[in-house]
Amino acid sequence: MSQPIRVMGICGTYDLQSANGRILEIILDQCGELGAEVTIWDHGANPLPLVGAQGSWEDENVRQFQSMATDSDAYVLSSPEYHGTMSGVMKNSLDWLYSKHTSGKVFGLVSTLGGQSSNNTLNHMRIAARWIHGWVIPEQVAVANIKKAFNENGEINDEAVRDRISALSRSIVENTKKLRR
Ligand SMILES: Cc1cc2nc3c(=O)[nH]c(=O)nc-3n(C[C@H](O)[C@H](O)[C@H](O)COP(=O)(O)O)c2cc1C
């Protein structure tokens with residue numbers, strides 16, 4: 001039997017308990033239920049320096065982040081929308097990844113917004129993932145009006161959003177199995 005696929009979650013904030021962190025957790029749980037091994041990079045515990053900051057090229061967290069990416073078959077990028085684009089934490093995470101880590105691997109995208117829905121962050125992450133030779137799946141989810149998005153158990157209120165997230169998770173697992181080298 002072949003090895004299970006490995007899916008790595010990258011959160012767009014330092015806090016995994018944030019809204020986009022919770023959405024990431026839901027997606028990774030679903031990928032796990034579908035048979036994937038899942039892992040997540042914790043920026044709070046292991047922050048990445050800004051690319052080019054003093055000492056950044058020899059930073060141990062960067063080395064471990066890149067190693068986790070190399071060992072993964074797919075990625076879930078979850079970012080809040082800040083000023084119409086991805087967060088700085090997400091952009092800097094992507095800046096530490098090169099095609100040697102990510103080429104030919106699947107990317108799934110999700111964003112959270114304080115206001116109304118927009119595809120800006122999703123489109124910008126799609127462009128960046130393409131630049132590091134990722135295969136970005138067509139399914140994607142923007143979770144708008146984020147303060148009203150969850151019930152008291154941390155589950156998503158809107159059934160249509162829940163369905164889109166499930167479809168995203170299924171597509172990540174199915175397409176990663178097809179593309180894995
Ligand atoms: C600096 C900053 C800029 C923001 N810009 C936007 C924006 O352009 N559009 C929007 O809908 N929400 C905006 N927000 C709200 C965030 O998208 C929202 O707080 C976030 O998605 C919540 O998820 P989190 O708990 O994971 O951070 C902004 C928030 C911050 C802190």
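Note that this is a predicted model, so its numbers are computed, not measured. (Residues numbered from 1 in each chain as written. Predicted model: local features only at pLDDT ≥ 70, side-chain atom pairs only at ≥ 80, totals over all residues.)

A. The arrangement of the overall build of the protein in detail. If you tally the helices and strands in the protein, you get 6 helices and 6 strands. Ordering the α and β elements of the protein from the N terminus gives β-α-β-α-β-β-α-α-β-α-β-α. In terms of overall dimensions, the protein is globule-like: its C-alpha atoms have a radius of gyration of 15 Å, near the 16 Å expected for 181 residues. Across its three principal axes, the protein shows a C-alpha extent of roughly 45 × 45 × 25 Å. Taken over 181 residues, the protein has a buried fraction of 40%. The long-range fraction of contacts in the protein, counting pairs at least 24 apart against all pairs at least 6 apart in sequence, stands at 79%. (Helix = DSSP H or I, 4+ residues; strand = E, 2+ residues; numbered from the N terminus. Rg over C-alpha atoms; globule rule 2.2 N^0.38 Å. Buried ≥ 20, exposed ≤ 12 C-beta atoms within 10 Å, placed from the backbone. Contact = placed C-beta atoms within 7 Å.)

B. Up close: the nonpolar core. With 45 residues, the main nonpolar core has Val7, Ile27, Cys31, Val76, Leu77, Met125 and Ile172 as its most contacted residues. With near-sequence residues (within four places) excluded, Leu77 lies in contact with Ile10, Met90, Phe107, Leu109 and Met125. (Core = buried A, V, L, I, M, F, W, Y, C linked by C-beta atoms within 7 Å.)

C. Main features of the site of the ligand. Taken together, 15 residues are adjacent to the ligand, and Ser18, Pro80, Leu113, Gly114 and Gly115 come closest. Put simply, the parts of the chain that give the shell around the ligand at least two residues each are α1 (19–33) and β3 (74–82). Each residue belonging to the shell around the ligand can be placed in one class, and the counts come to 5 nonpolar, 9 polar and 1 charged. (Near = placed C-beta within 6 Å. Nonpolar A, V, L, I, M, F, W, Y, C, P; charged D, E, K, R; others polar.)

D. Spatial organisation of the pairing of strand β2 (residues 37–41). Pairing geometry for strand β1 (residues 6–11) and β2, over 5 bridges, is parallel. When the sheet's bridge partners are listed, Val7 is paired in β2 with Val38. A crossover links β1 with its parallel partner β2, the connecting element being α1, and its sense is right-handed. (Pairing = 2+ DSSP bridges. Right-handed = clockwise from strand over helix to strand, strands pointing away.)

E. Main features of unusual backbone geometry. For His83, which is not glycine, the phi dihedral falls at a positive 50°. Along the chain, His83 falls in the loop between β3 and β4 (85–86). With a phi angle near 45°, Asn145 is a residue other than glycine that sits in the positive phi range. Within the secondary structure, Asn145 is located in the loop between β6 (135–143) and α6 (159–179).

F. Focus on the packing of α1 against α6. One way to put it is that α1 packs onto α6 with a least axis distance of 9 Å and a crossing angle of 50°. The angle between α1 and α6 places the two elements in the oblique class. For the pair α1 and α6, the crossing hand works out as right-handed. Only Ile165, Ser166, Leu168, Ser169, Ile172 and Val173 of α6 make contact with α1, whose side of the interface consists of Ile26, Ile27, Gln30 and Cys31. Its residues placed into classes, the contact of α1 with α6 shows 7 nonpolar, 3 polar and no charged. (Axes fitted to C-alpha atoms, helices over the stretch in contact; angles between N-to-C directions. Parallel < 35°, antiparallel > 145°, perpendicular 65-115°, else oblique. Left-handed = near helix turned anticlockwise from the far one by under 90°.)

G. Inspection of the environment of Gly84 at higher detail. Take Gly84: it is sitting in the loop between β3 and β4. On a C-alpha basis, the gap between Gly84 and His124 in space is 9.5 Å, while along the polypeptide they are 40 residues apart.

H. α6, seen in detail. With 21 residues, α6 should reach 30 Å at 1.5 Å per residue; the first-to-last C-alpha distance of 30 Å fits that figure. Listed as buried for α6 are Ile165, Leu168, Ser169, Ile172, Val173 and Thr176. Along the axis of α6, the buried residues cluster in a sector spanning 120°; they form a single face. Relative to its buried face, α6 has exposed residues pointing more than 90 degrees away, namely Glu159, Ala160, Asp163 and Lys178. Each element contacted by the buried residues of α6 is listed here: β1, α1, β3, β5 (106–112) and β6. (Expected span 1.5 Å × (residues − 1). Arc of directions from axis to C-beta.)

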